[in-house]
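Residue-level structural notes
Here are the chains, one letter per residue:
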Amino acid sequence: MADNVKPRVRVPKSASAGETITIKTLISHTMESGQRKDKEGNLIPRSIINRFVVDFNGENVIDVTLEPAISTNPYFQFDATVPETGEFTFTWYDDDGSVYTESKSIDVA
Amino acid sequence: MELTRRKALALGSGALAAYGVGILPAVASLADDEIAKVTGGAEAAAGELTVTAPEIAENGNTVPIEISAPGAVMVAIFADGNPTPNVATFKFGPLNPTRMAATRIRLASTQNVIAIAQMEDGSFQRAQAEVKVTIGGCGG
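Details of the confidence of the model for chain B
Residue and element names in this part refer to chain B. Predicted confidence across chain B gives a mean pLDDT of 82, with 77% of residues reaching 70 or more. Here residues 18–25 is modelled with pLDDT under 50, and outside its nearest four sequence neighbours on either side it reaches two contacts, counting other chains as well. Here the prediction assigns the complex a pTM of 0.81, and the interface score ipTM is 0.89.

What follows is the structure, given as structure tokens:
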């Protein structure tokens, strides 16, 4: 189920050194829980994003393990400290082995 | 015994009550088992950890929750009435100052959302919030 997976990330364009910023992320994904059944009563196999990692210049910000109880189109909001100008990298790991990445740079004035 | 409509209804509600009483401890212990796996059986006390969730969620498919755990390195979320109680595990890195996170989760029915936080000194904290769910979020 790796079609139409589109990550969206909101990061401020600039910040002052050491400032705490709020990041919001959303990725379109069905997050099929493995509990639902189709019309014939067969179990629809589980297909979810199982891990989400955010780094800034190689240093970890947050590392989330996702279970089937996370809603469709997983949304996360969290805070990060920005010590210097750099780039946030966002990585989502799918059950099917796909990896989706997104990156956003931020300027420290 | 002749099964009339009235009797059937009475039986049904009786069964439902028995279900509610009988099944709840079993489900709760399922979540407790998962929590014990995280804590290793250590005592989890109340602390600065908080879980924010709506009191009533109309749609169990997407329930917004927020955790705030100052000084925590890891927070695990459980839903004690879901078929699998594990919801998510957040590990906070050095660049995360507030140790808070918000996401949206699925809840099968009215139940408790439980957060277990592992603090920097290795101790555990626990917080929970009850959410009343109108429409469950696990499909048929």
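Quick notes on the environment of G34 of chain A
Within the element layout of this structure, G34 of chain A appears in the loop between β3 (19–27) and β4 (49–56). Residues in contact with G34 of chain A, not counting those within four places in the same chain, are L43, I44, P45 and R46 of chain A.

Concerning unusual backbone geometry
Phi is positive for N73 of chain A, close to 55°, though the residue is something other than glycine. The residue N73 of chain A is located in the loop between β5 (59–66) and β6 (75–82) in this model. Positive phi values are uncommon outside glycine, yet R99 of chain B reaches one of about 55°. Secondary-structure assignment places R99 of chain B in the loop between β6 (86–92) and β7 (100–105). A residue is classified by how much of its surface remains accessible, and R99 of chain B, at 11% relative accessible area, is buried.

What counts and how
- Residues numbered from 1 in each chain as written.
- Chains lettered and ligands numbered in written order.
- Predicted model: local features only at pLDDT ≥ 70, side-chain atom pairs only at ≥ 80, totals over all residues.
- Heavy atoms only, no water.
- pLDDT = per-residue confidence, 0-100.
- Contact = heavy atoms within 4.5 Å.
- Helix = DSSP H or I, 4+ residues; strand = E, 2+ residues; numbered from the N terminus.
- Buried < 20%, exposed > 50% of the residue type's maximum accessible area, 1.4 Å probe, protein only.

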